[in-house]
Structures are given as structure tokens and as C-alpha cells.
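# Breakdown of the fold
What follows is the residue order along each chain.
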Amino acid sequence: MQIKVDDHKPVEETLRDREWELSQLVDLVPGHLWRLTPDGEPTFFNKRMVGFLGLDVADADRPGVSRLQAVIEAVIHPDDAAEFGETLRCSLVTGKDFSIRYRLRRSDGVYRWMSSRAEPMRDQAGHIVQWYGLCHDIDDQVHAEEALRRSERQLQQLIDAVPALIWCMTPEGIPCYLNKRVSDITGIALEDLIAPDGARSLTVIHPDDRDAIDRALARSIETGEPFVGRYRQCRSDGPHRWVESRAEPLRDEAGNILQWYGVSVDIHDLMTVQQTLRERERELSLLVDMVPSNLWRLTPEGETTLANRHMADFLGMDLEDKQQLSEVFDTIFHPDDVETVWDGLARCLRTGERFSMKYRLRRADGVYRWMSGRAAPLRDESGRIVQWFGLCHDIDDQVHAEEALRRTSDRLAQATRAASLAELSASIAHEVNQPLAAIVANSHACHRWLSADPPNIDRAKITAERITRDANSAADVVGRIRALFRQTPHARLPEDANRLISEVCRFMADETAARRVRIKTNLELGLPSAALDRVQVQQVLVNLIRNGVDAMDTVVGGARELEIQSARHGSDAIRIEVRDEGTGFEDVERVFEPFFTTKQHGMGMGLAICRSIVESHGGRLWTANNETRGATVAFTLPLEASEAP
Ligand code: ADP
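What comes next concerns the included structure. Model, not experiment: these values are computed from the prediction. (Residues numbered from 1 in each chain as written. Predicted model: local features only at pLDDT ≥ 70, side-chain atom pairs only at ≥ 80, totals over all residues. Heavy atoms only, no water.)

Turning next to the packing of helix 14 (residues 497-514) against helix 15 (residues 534-552). Interaxial distance between helix 14 and helix 15 falls to 10 Å at its minimum, and their mutual angle equals 40°. Taken together, the axes of helix 14 and helix 15 are oblique relative to one another. Of the two possible hands of crossing, helix 14 and helix 15 adopt the one that is right-handed. Where helix 14 abuts helix 15, its residues Arg499, Leu500, Ile501, Glu503, Val504, Phe507, Met508, Glu511 and Thr512 lie against Arg534, Val537, Gln538, Leu541, Val542, Ile545, Arg546 and Val549. Tallied by class, residues from the contact of helix 14 with helix 15 come to ten nonpolar, two polar and five charged. (Axes fitted to C-alpha atoms, helices over the stretch in contact; angles between N-to-C directions. Helix = DSSP H or I, 4+ residues; strand = E, 2+ residues; numbered from the N terminus. Parallel < 35°, antiparallel > 145°, perpendicular 65-115°, else oblique. Left-handed = near helix turned anticlockwise from the far one by under 90°. Contact = heavy atoms within 4.5 Å. Nonpolar A, V, L, I, M, F, W, Y, C, P; charged D, E, K, R; others polar.)

Next up on the list: the pairing of strand 11 (residues 294-298). With four of five residues buried, strand 11 is to be regarded as a mostly interior element. Pairing between strand 11 and strand 15 (residues 385-394): five bridges, direction antiparallel. For Arg297, the partnering residue across the bridge sits in strand 15 and is Phe389. In this sheet, strand 12 (residues 304-307) lies alongside strand 11 in antiparallel orientation, the contact comprising three bridges. (Buried < 20%, exposed > 50% of the residue type's maximum accessible area, 1.4 Å probe, protein only. Pairing = 2+ DSSP bridges.)

On to the site of the ligand, then. Inspection of the region around the ligand gives 17 residues, with Asp580, Thr597, Thr598, Lys599 and Leu607 positioned closest. Within the side chain of Asp580, a nitrogen or oxygen atom sits 2.9 Å from a nitrogen atom of the ligand. A distance of 2.7 Å separates an oxygen atom of the ligand from a polar atom in the side chain of Thr597. Summarising the interface, the protein chains cover 92% of the accessible area of the ligand, which totals 530 Å² for the free molecule. For the shell around the ligand, the secondary-structure elements that each account for two or more residues are helix 15 and helix 16 (606-616). Classifying every residue of the shell around the ligand by side-chain character gives eight nonpolar, seven polar and two charged. (Near = heavy atom within 4 Å. Polar contact = N/O pair within 3.5 Å; in protein donor to acceptor, adjacent residues only side chain to side chain. Areas by Shrake-Rupley, 256 points an atom, 1.4 Å probe, with all protein chains shown as cover.)

Another aspect to go through is the layout of surface pockets. By volume, the second largest pocket amounts to about 990 Å³. Of all the elements in the fold, those that place two or more residues in the lining of the second largest pocket are strand 13 (355-362), strand 14 (368-379), helix 12 (396-451), helix 14 and strand 17 (518-523). With seven residues, the single largest contributor to the lining of the second largest pocket is helix 14. A class-by-class count of the residues in the lining of the second largest pocket yields nine nonpolar, eight polar and nine charged. (1 Å grid on protein atoms, 1.4 Å probe; cavity = no way out; pocket = protein on both sides within 12 Å on 5 of 7 lines; lining within 4 Å. Points joined across faces, edges and corners; volume = space filled by probe spheres on them.)

A separate point is the environment of Ala364. With respect to the secondary-structure elements, Ala364 resides in the loop between strand 13 and strand 14. Look at Ala364 and you get partly exposed, because its relative accessible area is 46%. Taking the C-alpha atoms as reference, Ala364 lies 9.0 Å from Ala312; in sequence the two are 52 residues apart. Sequence-distant contacts of Ala364, that is, excluding residues within four places in its chain, are made with Asp313, Phe314, Leu315 and Gly316.

Here it is, written out as C-alpha cells:
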């Protein structure tokens with residue numbers, strides 16, 4: 001600084017003014033100014049410093065302690081004192097600039113961070129004459145820096161702790177950061193993602209996925225649109241794993257991309273499960289299409305949501321294309337069945353009952369075929385119906401075979417009845433005629449011998465004996481006629497009686513349904529087989545079922561249910577019971593009498609024949625009226641020899 005001399009003022013006064021100005025400057029400068037001797041003894045603190053510390057250089061003087069040491073002890077934070085002393089001593093020895101950050105004690109005892117610098121002033125010979133120092137308060141800055149460092153550390157910890165692979169890339173798409181987890185988990189380092197020429201390298205991606213990911217990345221970098229990609233990522237410690245990566249750009253205020261931030265999440269398990277599910281779904285839909293039956297699915301409102309290939313081929317149309325099943329109802333069902341099927345299905349959809357019906361369905365070539373259709377609802381946890389699943393299979397051949405069988409059986413039964421009746425009548429007429437004629441002739445003779453005068457008692461006795469003989473021979477004839485009913489034994493084979501019952505029920509199903517009777521079976525599981533003539537036992541069952549159905553014909557209202565039960569009977573037989581809810585027997589005693597009937601067109605031979613068939617098998621047949629309503633006819637059949645214990 002050059003001191004300008006005012007011509008009008010005495011030099012001394014001017015100098016005093018300047019000195020005052022200078023000392024004002026030194027004291028007002030917003031910082032602490034201090035001066036040391038070349039040995040480091042403080043010789044000056046400016047006013048601000050004295051005000052801050054609450055002490056001046058001389059105040060620190062203590063006997064036996066250097067002033068520097070006394071000042072250090074008094075105002076430098078104990079944790080910084082050693083470093084401060086050492087750095088200063090080093091500068092004093094070497095003459096190099098002094099610079100340090102430390103905490104300085106304010107007069108109120110509060111330590112504040114300071115940044116201090118000092119430089120030596122040398123004389124012309126280069127010897128240090130003074131040290132001048134400046135120190136200013138950086139406490140707020142230090143705390144701000146600390147807070148920043150803390151939040152940076154937290155952010156870093158967060159980035160490393162987040163269970164995802166985090167990465168960044170430059171606006172040009174060159175990876176520039178990977179979080180710790182990337183290397184911990186995948187073993188991939190930043191260098192692995194950069195080719196020797198500095199371009200992006202995707203060698204850590206499965207070769208089959210590499211091109212697609214490269215294209216997607218290039219597109220995002222070009223357009224700035226977010227990047228999303230799924231690919232298999234190499235792992236240093238094992239096979240590839242599926243990951244999903246997403247990245248979005250960070251832009252400056254002008255909209256220029258500054259950096260891309262990306263995250264990759266391991267979706268391997270998800271992909272594996274999805275793949276398994278897809279395979280399962282493929283298998284299931286293959287199964288649904290290959291199953292040799294018609295399968296379909298409806299919404300609770302009756303909208304078709306699935307019809308398998310078999311059904312589409314059969315109908316020659318894809319039901320899934322139709323919004324509502326009702327649209328095609330008239331086309332696909334036989335005109336005679338449309339109404340009943342529609343009513344039945346609508347009732348099931350309304351009530352949630354299972355659907356089961358036989359109907360004719362129109363094949364693609366226009367031919368109607370009999371089908372057996374069934375459907376059941378699928379319910380959610382709250383019991384609400386969410387879907388209907390249905391199955392219908394072709395029973396056309398079976399229906400025609402059963403019809404043919406029934407027709408033959410009916411014809412046979414008629415022929416048998418007619419034949420046996422004619423044969424029986426002729427036999428009775430022939431066999432009984434002779435003894436009756438002899439009885440009539442002998443009666444006349446007896447009458448004559450007794451009417452003679454005198455009556456010839458001896459001759460009358462002889463004639464009466466003849467009458468007795470002929471009457472006995474007539475009884476023999478009747479006995480022989482009864483014997484006619486006893487069937488000649490046929491070959492008996494071990495049979496499952498339950499199967500036989502089921503067959504007969506199927507066979508009778510249409511007839512009973514037409515007469516609005518429901519057959520209920522209650523068959524004992526694992527029933528041992530019985531040796532029997534299946535045709536004869538079928539005949540017995542058909543007869544008993546028809547009788548039961550006849551007996552329920554007049555019942556008005558109430559259930560028309562016919563129950564067939566099978567069970568073991570003792571240790572060596574099975575028992576079959578046919579139980580109806582009809583009128584019951586009017587005369588239980590007489591029902592086995594030949595020709596006893598209460599029906600207009602009955603023959604009165606059924607039960608008698610049934611009993612003789614059962615007895616010829618070594619079993620027993622009996623009848624009884626039920627306690628409440630209806631009648632029960634039961635019969636036993638002995639077990640096959642090897643089945644009996
Ligand atoms: P039909 O059936 O030709 O009359 P059956 O010998 O089979 O000959 O029956 C004789 C009679 O026994 C019937 O007319 C009927 O009165 C009576 N009957 C048979 N089964 C039953 C039954 N389940 N319920 C009531 N009565 C029956």
C-alpha cells in the first residue's frame with residue numbers, strides 16, 4: 001500500500017490518518033487476522049478475533065509455558081490441538097504456507113470450525129520476519145458438508161441394500177455405475193459391460209436374448225423412451241437366471257438426457273412357474289381337445305366359453321363363436337328334445353342342481369345321435385357358481401342296442417306267455433279230463449247201484465272207491481301241472497348280483513321314467529358273487545319291478561319311488577329286496593296262487609313263476625306289506641360255493 005501525502009496536511013498527521021484507516025481495515029475485515037513471530041509466538045490478534053476468543057495475545061501468557069502453547073491449550077479443540085501444533089511447527093521449520101481446519105473455542109465455550117491459512121513475510125535476505133495468518137468461520141459449511149456426506153452415505157447404503165440390481169448408463173448407453181449387489185450376486189463388474197473399444201458390451205446376456213435387448217436399448221437411447229427388457233443373465237456361479245430390467249432417463253431443465261437409471265429384478269422363479277403353467281395349460285387344452293367326448297363350459301348366465309375340438313367337429317361349428325347357447329339351441333338339438341333339454345338346463349342354471357339328461361344332438365352331416373349329457377357347477381369359496389362344466393358323450397349305438405334288446409325281450413315275453421298259457425291249458429284239459437270223466441261215469445254208476453231195489457251196496461262201494469281213485473289221480477295231475485312251473489336247471493355261473501340289478505335298472509329306465517317312477521338303488525359294496533342263471537334272475541327282477549310300478553300307478557301325489565336293495569343274508573346267501581310305495585298287497589296269502597290277479601289284463605302267474613325260479617336256485621322268495629305304505633318282495637340266492645365261508 002502506498003501512502004499518499006496530502007500537501008496541505010503535515011506528513012505526521014497524514015500518516016496517523018492512514019494508520020487509523022489501516023487498523024480499522026484490519027479490525028473490520030470479516031475474518032480473524034493474526035501475526036506470529038518467526039518462532040511462532042502470537043504477537044497480534046485483530047479485534048474480531050479478540051472478540052471471538054474473549055482473549056487477547058497477552059491474556060494467554062502463563063509462566064513457564066510458551067505463549068503459542070498457552071493459546072493452543074486455551075482455544076483449540078483438544079481433539080485438534082495436536083494436529084494444529086504439529087502443522088504449525090512444521091510450517092515454522094520449513095517456511096511453507098500453513099493451512100488447516102480445526103475447531104476454535106468461542107468466548108461462550110462453543111467450538112466452531114475454522115479454516116486457517118498463514119504465510120511468512122520475509123526480509124530482503126529471505127529471512128522470515130513475521131507470519132501473517134487469516135482464519136475464517138466455516139462451521140456452517142462443515143456441518144452442511146457433514147450432513148451431505150451423511151445423506152450420501154445413507155443413499156449409498158440404501159442403493160446397496162435394496163434387493164435389486166441398480167445400474168446407470170451415460171446418455172450414449174455406456175454403463176457407468178453398478179451397485180454393490182450386482183457384483184455380490186451376479187459376479188458382474190462394470191468392466192464386463194464395456195467392450196475394449198469403449199462401447200456397450202452385452203456378453204453377460206444369454207446369446208439368444210442379446211440381439212433383442214441390444215435393439216431395445218438402442219431404441220430407448222435414441223428416442224428417450226423408458227427401457228424394459230426380460231432376458232437371461234449370466235451368473236459367475238451357475239446357470240443363467242431370468243431378470244427383468246427397466247431404465248428411465250434423468251433430464252436437465254432443457255430436456256437433455258443426463259443419465260439413465262436402471263434396475264434389474266430377478267424374475268427367474270416367476271418365469272419358471274409361468275413356463276410350467278404354460279406347459280400345463282398346453283397339456284390340459286390338448287387333453288380337452290383329444291378326449292373322445294364333447295366337453296363344454298358355460299358362464300352362470302349360459303354363455304359358452306369353451307367347447308372342445310371334438311364337439312366342434314361333431315357339430316360342425318364352433319360354439320365358442322356363439323355368444324349364447326340359446327342362439328343355437330334349436331339348431332343342434334332334435335326338435336322333440338329341444339324343449340325338455342332347454343327347460344332342464346334352464347332349471348339347473350337357475351337352481352344350481354346338476355344336469356343329467358339323454359337327448360339327440362345333430363351331427364355336422366345332419367344325422368341326430370343320442371347323447372348322454374351331464375353338467376355340474378363349479379363354485380367359489382362363498383358358494384357362488386362361477387362356471388358350469390359339461391360333458392356329453394355319444395350313446396347312440398348303446399340306445400339302439402337297448403331298444404332292440406327290449407323289443408326282442410318284449411316279443412319273447414309275449415310269446416312265452418302265450419305259449420305257456422296255451423300249453424298249460426291243453427295239458428290241464430287233457431290230463432284232468434280223463435279222471436273227471438271217469439269220476440262222472442262212476443258217480444252215475446254209484447247212483448244207479450244205490451237207487452236199485454234193493455240197493456246193491458257192495459257194487460256202490462266198489463264204484464265209490466273208483467271215484468276216490470280217480471279224484472286222487474286228478475290231484476296227481478294238478479301236482480304234475482305245478483311241477484311244470486319248476487324250471488329245469490340251466491347252467492349257473494358266478495354273477496355279480498349288483499351288476500345284474502344295474503343292468504336291469506338301465507334296461508327298465510325308459511319304461512319307469514315314462515310312468516314317472518324313480519328307481520333308487522341301495523347296493524351293498526363288495527357283495528360276493530352268486531351262482532345263477534342271469535336270464536332267469538333278470539326275469540324275476542323285471543317282473544318284480546313291473547309289479548311295483550303297476551302298484552304305484554294309482555298313487556296320486558307323493559313320491560313314486562321304487563327302491564332296490566342288495567345285501568348279504570347270513571353267511572351263505574345274498575338278499576335282494578324290491579320295495580315300492582304303491583297300494584300294497586290286497587291279499588298277501590293268495591298272491592302265489594296260479595292265475596290269482598287283481599289286474600284287468602293280468603295273468604296271475606308272475607309271482608308264482610318268480611318263486612319257482614328262486615326256489616330252483618336254492619333260494620327263497622317272500623312278500624310283505626310295508627309298515628307305512630306299499631309292498632316289499634324279497635328273495636335270497638345262495639352264494640357261489642367258493643364264496644361261502
Ligand atoms: P299279475 O301281475 O299278472 O297279476 P302276479 O303273480 O305277478 O301276476 O301278481 C299277482 C297279484 O299280486 C297282482 O295281481 C297283485 O294283486 C298282487 N301284487 C303283486 N305285486 C304287487 C305289489 N308290488 N303291490 C301290490 N300288489 C301286488
